[in-house]
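Chain by chain, the residues:
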Amino acid sequence: MSHEHTPSLVDVLEHGAPKDDHPQAMDTRLFMQLLVFDCTAIRPAESLKNLAAELEQREVPSVLYEDVNQPNSIGLLSWSEDPKMFVRAVRPACNADTTFGLKIRPELTMLGRSYSSGYESDLKYWLLDRPRHTAKNPAWPWAIWYPLRRNGAFEELEGREKGAILREHGEIGKAYGTSDLAHDIRLACHGLDAHDNEFVIGLIGKALHPLSHVVQSMRKTKQTARYISQMGPFFVGHTAWMSSHD
């Protein structure tokens, strides 16, 4: 006697907390990419100006950073709900005649997607609006971007212990945000990162020291001390230009 096997459905939706007694679920998220270039043909200021013009012409929502640790380097952060934008708009902008001489620094390329934890009271704001607003807030020109990977032992923990570890981490971040010292953009990058990292973190704020300080504070948490196997490389930038598109 044969039995027909019906495959189980895979839930790829993002879920939030119930809102007005209705569950929140979305099949939309924001993809964000950081590209970092050495300016090899013309001066960085001119390269930045030319790249900004190409991005604006193609209506790419984006921010350009001056690289603090490399005088001839610039960073490009762009985002879209449709990842095809990175190949149909960002790629041509970076390869245009006017941007000749931009040499990619692949070790600093980061790509991730916004995600939910299941507890967000406003799922759309968390997934789509908050990352955009954080990246483009003119009052917060400083940025530190880095990838990270947890070790396998974390995934073997039972749910309650995982939750306690993540809450400790989250409460520190919330305290810095409430004090307007550091604001985070958290992205998942499973399968999107060349070095098998799992998350991309952006720390954004009005001054650089608090962004460094929150990284230092996080080192004391159980998650970082025991379960993070790799962090970095780190990109440190100061905003030089923002697109007119969101």
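Residues numbered from 1 in each chain as written. Predicted model: local features only at pLDDT ≥ 70, side-chain atom pairs only at ≥ 80, totals over all residues. Heavy atoms only, no water.

Student: Quick question: what am I supposed to make of the nonpolar core here?
Tutor: Note on soluble globular proteins: their nonpolar side chains tend to be buried together. Met-32, Leu-34, Tyr-65, Leu-77 and Trp-145 are the most contacted members of the largest nonpolar core, which has 24 residues in total. Looking at this core, the elements with two or more residues in it are strand 3 (31–39), strand 4 (62–67), strand 5 (73–80), helix 3 (123–135), strand 8 (142–150), strand 9 (183–188) and strand 10 (199–205). Broken down by element, this core gets its largest block of residues, four residues, from helix 3. If you look at the next biggest cluster of nonpolar residues, it comprises 20 residues, including Phe-31, Ala-52, Val-60 and Leu-76. (Core = buried A, V, L, I, M, F, W, Y, C linked by side-chain atoms within 4.5 Å. Buried < 20%, exposed > 50% of the residue type's maximum accessible area, 1.4 Å probe, protein only. Helix = DSSP H or I, 4+ residues; strand = E, 2+ residues; numbered from the N terminus.)

Student: Is there a simple way to think about the packing of aromatic side chains in this case?
Tutor: The relative placement of two aromatic rings is captured by the distance of their centres and the angle of their planes. Taken as a whole and judged by the stated rule, the model has four aromatic pairs. With a centroid separation of 5.9 Å and an interplanar angle of 55°, the aromatic rings of Tyr-65 and Phe-235 are classed as tilted. With a gap of 170 residues between them, Tyr-65 in strand 4 and Phe-235 in strand 12 (residues 235–242) connect regions that are remote in the sequence. Each member of the pair Tyr-65 and Phe-235 is classed as buried. A ring pair is formed by Tyr-115 and Phe-199, whose centres lie 5.8 Å apart and whose planes are at 50°; its orientation type is tilted. Within this pair, whereas Tyr-115 is found in the loop between strand 7 (110–114) and helix 3, its partner Phe-199 is found in strand 10, the two being separated by 84 residues in sequence. Given the relative accessible area of 22%, Tyr-115 is considered partly exposed. (Phe/Tyr/Trp six-rings, centres within 6.5 Å; stacked < 30°, edge-to-face > 60°.)

Student: What is the right way to look at the environment of Val-87 in this model?
Tutor: Looking at the secondary structure, you find Val-87 in helix 2 (residues 85–94). For the pair Val-87 and Asn-137, spaced 50 residues apart in sequence, the C-alpha to C-alpha distance is 26 Å.

Student: Got a minute to help me understand the pairing of strand 2 (residues 22–26) in this structure?
Tutor: Looking along a regular strand, one sees side chains alternate from face to face of the sheet. For strand 1 (residues 14–19) and strand 2, the ladder comprises four bridges, and the chain directions are antiparallel. When the sheet's bridge partners are listed, Glu-14 is paired in strand 2 with Met-26. Counting the residues that bridge the hairpin from strand 1 to strand 2 gives two residues, and of these Asp-20 lies at a positive phi of roughly 55°. (Pairing = 2+ DSSP bridges.)

Student: Is there a simple way to explain unusual backbone geometry in this structure?
Tutor: A negative phi holds for most residues other than glycine; trans holds for most peptide bonds. Pro-233 follows Gly-232 through a cis peptide bond whose omega is 10°. Relative to the elements of secondary structure, Pro-233 occurs in the loop between strand 11 (228–231) and strand 12. Non-glycine residue Asp-20 carries a positive phi angle of around 55°. Residue position: Asp-20 is located in the loop between strand 1 and strand 2. Here Asp-20 falls in the exposed class, since its relative accessible area comes to 66%. Of note, the phi angle at Asp-180 is positive, near 55°, even though the residue is not glycine. Of note, Asp-180 is situated in the loop between helix 5 (159–178) and strand 9. Classification of Asp-180 by relative accessible area gives partly exposed; the value is 26%.

Student: Before we go on, may I ask you to explain the pattern of salt bridges in this structure?
Tutor: Oppositely charged side chains may form a pair once their charged atoms are brought near each other. In total, this model carries 14 salt bridges according to the counting rule given. Here Glu-14 and Arg-29 are joined by a salt bridge, their closest N and O atoms 3.3 Å apart. Here Glu-14, found in strand 1, pairs with Arg-29, found in the loop between strand 2 and strand 3; they are 15 residues apart in sequence, far enough to count as distant. Accessibility assignment for this pair places Glu-14 and Arg-29 in one class, buried. Among the salt bridges present, the one from Arg-58 reaches Glu-54, with a minimum N-O distance of 2.4 Å. By relative accessible area, which is 28% here, Arg-58 ends up partly exposed. A cluster of three or more residues bridged by salt bridges with shared partners is formed by Glu-14, Asp-27 and Arg-29. (Salt bridge = Lys/Arg side-chain N within 4 Å of Asp/Glu carboxyl O.)

Student: Would you mind showing me how to read helix 3 here?
Tutor: Every α-helix carries 3.6 residues per turn, so stepping three or four residues along brings you back to the same face. With 13 residues, helix 3 ought to run about 18 Å at 1.5 Å a step, and its terminal C-alpha atoms sit 18 Å apart, in line with that. Along its length, helix 3 reaches its greatest deviation from straightness, about 45°, at Asp-129, and the proline Pro-131 lies no more than four positions downstream. (Expected span 1.5 Å × (residues − 1). Bend = angle between axes of the 7 residues up to and from the residue.)

Student: Which parts of the structure should I look at to understand the environment of Ala-93?
Tutor: The topology assignment puts Ala-93 in helix 2. A C-alpha to C-alpha distance of 12 Å links Ala-93 and Leu-35, two positions 58 residues apart in sequence. Beyond its immediate sequence surroundings of up to four residues, Ala-93 is in contact with Leu-51, Glu-54, Leu-55, Arg-58 and Thr-99. (Contact = heavy atoms within 4.5 Å.)

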